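What follows is each chain in one-letter form.
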Amino acid sequence: MGRSPRRDLLAGLTVAVVALPLALGFGISSGAGAEAGLATAVVAGALAAVFGGSNLQVSGPTGAMTVVLVPIVHRYGVDGVLTVGLLAGAVLVALALARAGRWMAYVPVPVVEGFTVGIAGVIALQQVPGALGVPEPDGDNPAVVAARAAGAFLGTPHWAALGLALGVAAVMLVGSRLRPAVPFSLLAVVVATLLARFADLPVESIGHLPAGLPTPSLGFFEAADVPALLPPALAVAALAALESLMSATAADAMGAGERHDSDRELFGQGLANLAAPLFGGVAATGAIARTAVNVRSGAASRLASLVHAAVLAVIVFAAAPLVSGIPLAALAGVLIATAVRMVETGSLRALARSGRGATAVLVLTAVATLAFDLVTAVVVGLLLSGALALAEVARAARVEQVPLHEEPPTAGHREEERALPAEHVAAYRIDGPLLFAAAHRFLPQLTGADRVRVAILRMSRVSAIDASGAVVLGDAIAALERRGTLVLLSGLRAEHHRPLAALGVLDRLRDQGRVFGTTPEAIACARRHLAGAELPTGAGTGAAG
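Calculation notes
Residues numbered from 1 in each chain as written. Predicted model: local features only at pLDDT ≥ 70, side-chain atom pairs only at ≥ 80, totals over all residues. Heavy atoms only, no water. Buried < 20%, exposed > 50% of the residue type's maximum accessible area, 1.4 Å probe, protein only. Helix = DSSP H or I, 4+ residues; strand = E, 2+ residues; numbered from the N terminus. Contact = heavy atoms within 4.5 Å. Salt bridge = Lys/Arg side-chain N within 4 Å of Asp/Glu carboxyl O. Lys, Arg positive; Asp, Glu negative; His and termini not counted. Polar contact = N/O pair within 3.5 Å; in protein donor to acceptor, adjacent residues only side chain to side chain. Pairing = 2+ DSSP bridges. Axes fitted to C-alpha atoms, helices over the stretch in contact; angles between N-to-C directions. Parallel < 35°, antiparallel > 145°, perpendicular 65-115°, else oblique. Nonpolar A, V, L, I, M, F, W, Y, C, P; charged D, E, K, R; others polar. Left-handed = near helix turned anticlockwise from the far one by under 90°.

Examining helix α11 (residues 288-296)
- For α11, the set of buried residues is Arg290, Thr291, Ala292, Asn294 and Val295.
- If you follow the buried residues of α11, they end up packed against α1 (5-30), β1 (59-60), α9 (226-254) and α12 (303-318).
- Of the residues one or two after α11, glycine 298 is the one with positive phi, at around 100 degrees.

Quick word on unusual backbone geometry
- Backbone geometry places arginine 99, a non-glycine residue, at a positive phi of 55 degrees.
- Tracing the sequence through the fold places arginine 99 in the loop between α3 (63-97) and α4 (109-126).
- Overall, the relative accessible area of 54% leaves arginine 99 in the exposed class.
- For aspartate 200, which is not glycine, the phi torsion reads 55 degrees and is therefore positive.
- Inspection of the secondary structure puts aspartate 200 in the loop between α8 (184-198) and α9.
- Given a relative accessible area of 66%, aspartate 200 falls into the exposed group.

Concerning the pattern of salt bridges
- Applying the stated criterion across every chain, the model contains six salt bridges.
- Residue arginine 99 pairs with aspartate 263 through a salt bridge whose shortest N-O separation is 3.6 Å. Residue arginine 99 is located in the loop between α3 and α4, and its partner aspartate 263 is located in helix α10 (residues 262-275); the two are separated by 164 residues in the primary sequence.
- Residue aspartate 507 is joined to arginine 510 by a salt bridge in which the shortest nitrogen-to-oxygen separation is 3.5 Å. With aspartate 507 and arginine 510 both in helix α23 (residues 505-511), this residue pair falls three residues apart, about one helical turn.
- Where salt bridges share partners, they join Glu481, Arg508 and Arg514 into one cluster.

What to know about the side chain of arginine 302
- Within the secondary structure, arginine 302 sits in the loop between α11 and α12.
- With no salt bridge to any partner, buried arginine 302 finds its closest opposite charge in glutamate 265, at an N-O distance of 6.2 Å.
- For arginine 302, the side chain forms a polar contact with the main-chain oxygen of glycine 52, separated by 2.8 Å.

Notes on the environment of asparagine 273
- Tracing the backbone shows asparagine 273 in helix α10.
- In this structure, the C-alpha to C-alpha distance between asparagine 273 and alanine 284, residues 11 residues apart in sequence, is 6.2 Å.
- Those residues in contact with asparagine 273 that sit more than four places away from it in its chain are Gly85, Leu86, Gly89, Leu92, Ala283 and Ala284.

Some words on the pairing of strand β4 (residues 425-434)
- For β4, the tally of buried residues reaches 10 of 10 residues, placing the bulk of the element in the interior.
- Bridge count for strand β3 (residues 398-402) against β4 is five bridges, and the pairing is antiparallel. Looking across to β4, one finds that valine 402 is bridged to alanine 427.
- Relative to strand β5 (residues 454-458), β4 runs parallel, the two sharing five bridges. Of the residues in β5, the one forming a bridge with alanine 427 is isoleucine 456.

Some remarks on the environment of aspartate 466
- One can find aspartate 466 in the loop between β6 (462-465) and α21 (467-482).
- Each C-alpha atom, one on aspartate 466 and one on phenylalanine 436, is 7.0 Å from the other, the two residues being 30 residues apart in sequence.
- In contact with aspartate 466, other than residues within four places in its own chain, are Leu434, Leu435, Phe436 and Pro499.
- One polar contact links the side chain of aspartate 466 to the main-chain amide nitrogen of glycine 469, over a distance of 2.8 Å.

Some words on the packing of α1 against α3
- Running from N to C, α1 and α3 point in directions that differ by 30 degrees, and their axes come no closer than 8 Å. When the axes of α1 and α3 are compared, the pair comes out roughly parallel. Contacts between α1 and α3 involve Phe26, Ser29 and Ser30 on the former and, on the latter, Gly63, Thr66, Leu69, Val70 and Val73.
- For the contact of α1 with α3, the per-class residue count stands at four nonpolar, four polar and no charged.

As for the packing of α4 against helix α14 (residues 328-342)
- Viewed as axis vectors pointing N to C, α4 and α14 meet at an angle of 165 degrees, and their least axial separation amounts to 8 Å. With respect to each other, α4 and α14 are oriented roughly antiparallel. Note on packing geometry: the crossing formed by α4 with α14 is left-handed. Contact residues: Thr116, Ile119, Ala120, Ile123 and Ala124 in α4; Leu335, Ala339 and Met342 in α14.
- The class makeup of the residues in the contact of α4 with α14 is seven nonpolar, one polar and no charged.

Structure (structure tokens):
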């Protein structure tokens, strides 16, 4: 942290200015209150900076986590949310100790983009009551709540609140394009607060904020009710892990020479989530937007994230009365602009051009996020991605009959191959993975060919075999043998012996001398068979070649 302290101090101050309205807004949106958002930004931001695996990551309350926390607040109250945060922190620490960080990289890009779009939609819908200046209606689905709020607004319009929200959002969106380095979010909130105060506009403010963080406490939830909170805690932990590692990866891409430690990042986020609830904070993750501001502001080490947390702590202790006067409509505008900026149109266009499968995964994940919840959306996206991947695997694998002299043989082999009567010997090359998604196509292709006396199955291009593929291959061999065809295997790789041996396919063929390392060896065996010579038992080499 001593490399570039001046740069880190300036970057940390810039990030704190950007993070203040976001922390307030996300705290209010989660249902835990503005003070919970500030406490999360201070405590989790500091601990994740020290113990996390990224030098440039900034942590705190995020929009994605807010989406998950809202239904938990509605069902279990604020105490339930604090307990969920503690449990999620313990899960993250366990994941770090189990070195599970590397597995988070296997989430498909369309799923990530899809739930990002869905989260952006949910965040925007959650701000509708605040932007319209009406009390938040009852309901769990954000679209339903937004529709009810719009109906209440039409009955008694609050144009001042709507004007403040749209004005703040417009300033942020336009300003970020013209001058990305200027903290337009804070400037817009300050102007909106002054207008509401001096013009006496009828808009609701945040309300009283405590002048400091609460004393640590462990009296959150009844122990008997904790098992009911385990499912939402697992969902929070999964989201915290995924979003934090995504943000750390983005920080690596933006910072020259940076490389985060995934397992250490999970450990740092786990400690942050264990500590934040003790001070009234909600669950936290790495924040992509604030991390990007940190990197672009010249941050060189963890000192910048620590400065960000320290500046917010000073605001909590010294400027709570000023912060409490911020209109809710202004914070709604901040989050609406944040939701708009979460959607990367360039990435969406690139995925749309990549194929209909990626587009379907993205759209379905986004719709599921809006209609249900984030965990359901990710599961749906992963299932659809897996199904599409298996379909691609099935299309990639094929079986085709090939000439025996197709490839340049070693000395004299081409002449030997040409001497074999084509009507008596056929060679089939199996390309790609012989897995359950594609294996069912092989049986009719192998057994539907013309009757021949010898069939050589060339296996050197088989990339993988599972149990289903081994069963189908065994069935195809048995079907050919029932028709009087001698089946020979060539080029079988060593790593493919196990599934075939487990089902007895390989041992029988090897005992009968019908497994060979190369195709020329199989051809020589076929010539002996056609000439009337018996197969020597155990003649096959069985080695990959």
